[in-house]
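Coordinate inspection notes
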Amino acid sequence: MNDHDPNCIFCKIIAGQIPSRKVYEDDELLAFHDIAPWAPVHFLMVPKRHIASMAQLTEADQALMGRMMVLAPRLALEQGCRPYPEGGFRIVVNTGAEGGQEVHHLHLHVMGGPRPWLKG
């Protein structure tokens, strides 16, 4: 596993080579709006270190994934999702070709807002 893949679109976004509408950034994570949203609120959360998919996670990644899962609800609310239980959001992680993964850099889709959505 490399920290950066020069051919990965998300690595290029992380490096600032491709612009994005940032939602959040720290030393380990970047969250940005999806360019083709499926829901009124739709952003992606990615680790800055290149990890191809959920299938490549190791026990060393537990803290990182825990941070992502704890941060997602806060960012969802900040981006306009209504609070639980009336509101809410969905987190989707596509893994591999049969799981619908199109970009091979681990990413969480965080989607919310009034339904029906286009997909999901």
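Check the entry above for the structure.
Calculation notes
Residues numbered from 1 in each chain as written. Predicted model: local features only at pLDDT ≥ 70, side-chain atom pairs only at ≥ 80, totals over all residues. Heavy atoms only, no water. Salt bridge = Lys/Arg side-chain N within 4 Å of Asp/Glu carboxyl O. Helix = DSSP H or I, 4+ residues; strand = E, 2+ residues; numbered from the N terminus. Buried < 20%, exposed > 50% of the residue type's maximum accessible area, 1.4 Å probe, protein only. Pairing = 2+ DSSP bridges.

In the structure shown here, the tally under the stated rule is six salt bridges. D61 is the partner of R49 in a salt bridge, and the nearest nitrogen-oxygen pair spans 2.5 Å. One end of the pair, R49, is in the loop between β3 (41-47) and α2 (62-78); the other, D61, is in the loop between β3 and α2, with 12 residues separating them in the sequence. Here R49 falls in the partly exposed class, since its relative accessible area comes to 29%. For D61, a relative accessible area of 3% corresponds to the buried category. In this structure, R74 engages E78 in a salt bridge whose closest nitrogen and oxygen atoms are separated by 3.1 Å. Separated by four residues within a single helix, R74 and E78 lie in helix α2, roughly one turn from each other. Here the salt bridges share partners, and the residues they tie into one network are K22, E25 and K48.

With that settled, the discussion passes to the pairing of strand β5 (residues 108-112). Consecutive residues of a regular strand have side chains that alternate between opposite faces of the sheet. Here β5 lies mainly inside the structure; five of its five residues are buried. Covered by surrounding structure in β5 are L108, V110 and G112 together with H109 and M111, the residues of both alternating faces. Alignment of β3 against β5, held across five bridges, turns out to be antiparallel. Bridged to M45 within β5 is L108. Bridging between strand β4 (residues 89-92) and β5 involves four bridges; their strand directions are antiparallel. By the bridge assignment for β5, I91 is matched with V110.

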